[in-house]
Structures are given as structure tokens and as C-alpha cells.
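Given next are the chains, with one letter for each unit.
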Amino acid sequence: MEKQRCTATQYRKVRGLAALLAALIAIMVSMPVEAAQRAAKYNASGELQIPKNYRQWVFVGAPVTPNEQNSGKAAFPEFHHVYIDPASYAGYKKTGKFPNGTVLVKELAGVGAKSSSSGNGYFPGEFIGVAASVKDAKRFAKEPGNWAYFSFMGDDGKPLASAKAQATAACNVCHQQKTEDWVFTQHYPVLRAAKPSK
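Notes on the structure in this doc start here. Bear in mind that the values here come from a model prediction, so they are computed numbers and not experimental data.

### Let's talk about the overall build of the chain
Counting its regular elements, the chain contains 4 helices and 9 strands. Starting at the N terminus, the α and β elements of the chain follow one another as α-β-β-β-α-β-β-β-β-β-β-α-α. Counting every position in the chain, which comprises 198 residues, the buried fraction comes to 33%. Within the chain, contacts between residues at least 6 apart in sequence are counted, and of these 53% link residues at least 24 apart. A total of about 12,600 Å² of accessible surface is found on the chain, and carbon and sulfur atoms cover 57% of it.

In C-alpha cells, the structure reads:
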């Protein structure tokens, strides 16, 4: 009889642990979308604070549109080193969509050398700026796709600790064209590779 009581107690403990484990797994599965909503942080004035440690995020690509290939008047002649916060990357990899709260950081680097021991080309020079885009259905409900865009460069050329959202027309003129949810995924091989097949 004592042995049966012991076995029953052990069985209840195992069931309890199994239920706890299942709950933890459910929380972990839901984390990518929820965690993404915490990647963007704002100050008391409602300005987006420049994301910390973004270079530790997922690097997705580095397009460049040099002046030489745009009649000397490229709108953005610098390299765009683009990062996405890890939680949003996990959400995109799972669903093929950018979850609410997604943050993309664009670190700008000028074109430096145009030749190397490996051959001629365009090679990144010095960093010259940082920008970001944030998808937030509540905060930016009136913005196309719920995306807002921020530049962390001051008028004096020095980086800012925080920035207010830019005017809609400043960025959406380009982002509304031939993009996936206002993101140039066609230029980001890491995102293309991560997107689940249909």
C-alpha cells in the first residue's frame, strides 16, 4: 500500500512538471512577437531612442547606389548596413511577415576605396549616420503600413541620442514602391533566405 501511495505521488509530480514545461514552451513560442514590441524604446518626449547594441542584431544586407551609376546624383550614394532586431527576425522566419514592433536599423557608411587587391569595386568607408524604421500599429496607426522612419543625425552632423518620426512623404515615396510591407526585402538576402516557403 505504501508503495502504491509513493507511486501515485510521483505520478502527480511528473504530471505537474509536464504541465509546467508545456506552459513554458507556450510562452517561449509566443516570445518573438511580444519581445519585438520592446525593441523600440522612446523617451518622455515620445522620440525614439537610438537602439543600443544594434550591431549585435541580425545583419540582413548592405545595398549601395553609387553616384557613378546614377549620373552623379544618387539619392543615397552611401552603403546601407541594415539590421533587424532578433525577435522580429524570429517572427519573420516563422510567419514570413514583419511582426508589430519590428525595428530595422540602417547604418550608413560612405563609399571608400574603389579598388582592392581582390579587384575593383565599391568598398565601405567611414560611418556617417544611423537611421531606423519601426512598425507599430498603435503608435503609428495613421502611417502607411504602420511604419515610421527616424534619422539620428543632427544638423551639425553629429549623432543624436533620440529622434522624432520623419514626415510621411520623406520616406514613403520610395518605400511604397516595389517593396514587401514597405521593406526592400529584395535587397536583403538574409530575409529572403529566412522567409518560409508557401
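Having put the structure on the table, let's press on.
### Section: the pairing of strand 3 (residues 79-84)
Counted residue by residue, strand 3 has 6 buried out of 6 residues, so it is predominantly covered. On strand 3, burial covers both faces: Phe 79, His 81 and Tyr 83 on one face and His 80, Val 82 and Ile 84 on the other are all buried. Pairing between strand 2 (residues 58-61) and strand 3: 3 bridges, direction antiparallel. Looking at the pairing, Val 58 lines up with Ile 84 of strand 3. In the sheet, strand 3 pairs with strand 4 (residues 103-111) via 6 bridges, with the strands oriented antiparallel. Each residue of the ladder has a partner; that of Ile 84, found in strand 4, is Leu 104.

### Quick notes on the pattern of salt bridges
Working definition: two side chains of opposite charge can pair if their charged atoms are close together. What the rule picks out here adds up to 4 salt bridges. The residue Lys 135 makes a salt bridge to Asp 181 at a minimum N-O spacing of 2.7 Å. In this pair, Lys 135 sits in strand 7 (residues 124-135) while Asp 181 sits in the loop between helix 3 (168-175) and helix 4 (189-194), placing the two residues 46 residues apart along the sequence. With relative accessibility at 24%, the residue Asp 181 sits in the partly exposed group.

### Notes on the sheet that holds strand 7
Spatially, 5 strands are ordered 2-3-4-7-8 in an open sheet, and the strand pairing comes out antiparallel. The sheet is open, and its two borders are formed by strand 2 and strand 8 (147-151), each paired with just one other strand. Here the average twist between neighbouring strands, direction ignored, is 30°. Bridge analysis of strand 4 against strand 7 gives 8 bridges, and the strand direction is antiparallel. Paired with Lys 106 across the two strands is Ala 131, which belongs to strand 7.

### Points about the layout of surface pockets
If you add up the space inside the second largest pocket, you get close to 160 Å³. Around the second largest pocket, the lining residues are Arg 38, Ala 39, Lys 41, Gln 49, Ile 50, Pro 51, Lys 52 and Trp 57. Residues that form the lining of the second largest pocket fall into these classes: 4 nonpolar, 1 polar and 3 charged.

### Section: the nonpolar core
Among the nonpolar cores identified, the biggest contains 17 residues, and Leu 48, Val 103, Val 105, Val 134, Phe 150 and Phe 152 are the most heavily contacted of them. Residue assignment for this core shows that the elements contributing at least two residues are strand 4, strand 7 and strand 8. When residues of this core are assigned to their parent elements, the largest contribution, 3 residues, is made by strand 7. Listed in part, the 15 residues of the second largest apolar core include Leu 104, Val 183, Tyr 188 and Ala 194.

### Focus: the side chain of Thr 102
On the secondary structure map, Thr 102 appears in the loop between helix 2 (86-95) and strand 4. Relative accessible area serves as the criterion here: at 0%, Thr 102 is assigned to the buried category. Of the polar contacts made by the side chain of Thr 102, one reaches the side chain of Ser 88; its length is 3.3 Å.

Cut-offs used in this document
Residues numbered from 1 in each chain as written. Predicted model: local features only at pLDDT ≥ 70, side-chain atom pairs only at ≥ 80, totals over all residues. Heavy atoms only, no water. Helix = DSSP H or I, 4+ residues; strand = E, 2+ residues; numbered from the N terminus. Buried < 20%, exposed > 50% of the residue type's maximum accessible area, 1.4 Å probe, protein only. Contact = heavy atoms within 4.5 Å. Areas by Shrake-Rupley, 256 points an atom, 1.4 Å probe, with all protein chains shown as cover. Pairing = 2+ DSSP bridges. Salt bridge = Lys/Arg side-chain N within 4 Å of Asp/Glu carboxyl O. Axes fitted to C-alpha atoms, helices over the stretch in contact; angles between N-to-C directions. 1 Å grid on protein atoms, 1.4 Å probe; cavity = no way out; pocket = protein on both sides within 12 Å on 5 of 7 lines; lining within 4 Å. Points joined across faces, edges and corners; volume = space filled by probe spheres on them. Nonpolar A, V, L, I, M, F, W, Y, C, P; charged D, E, K, R; others polar. Core = buried A, V, L, I, M, F, W, Y, C linked by side-chain atoms within 4.5 Å. Polar contact = N/O pair within 3.5 Å; in protein donor to acceptor, adjacent residues only side chain to side chain.

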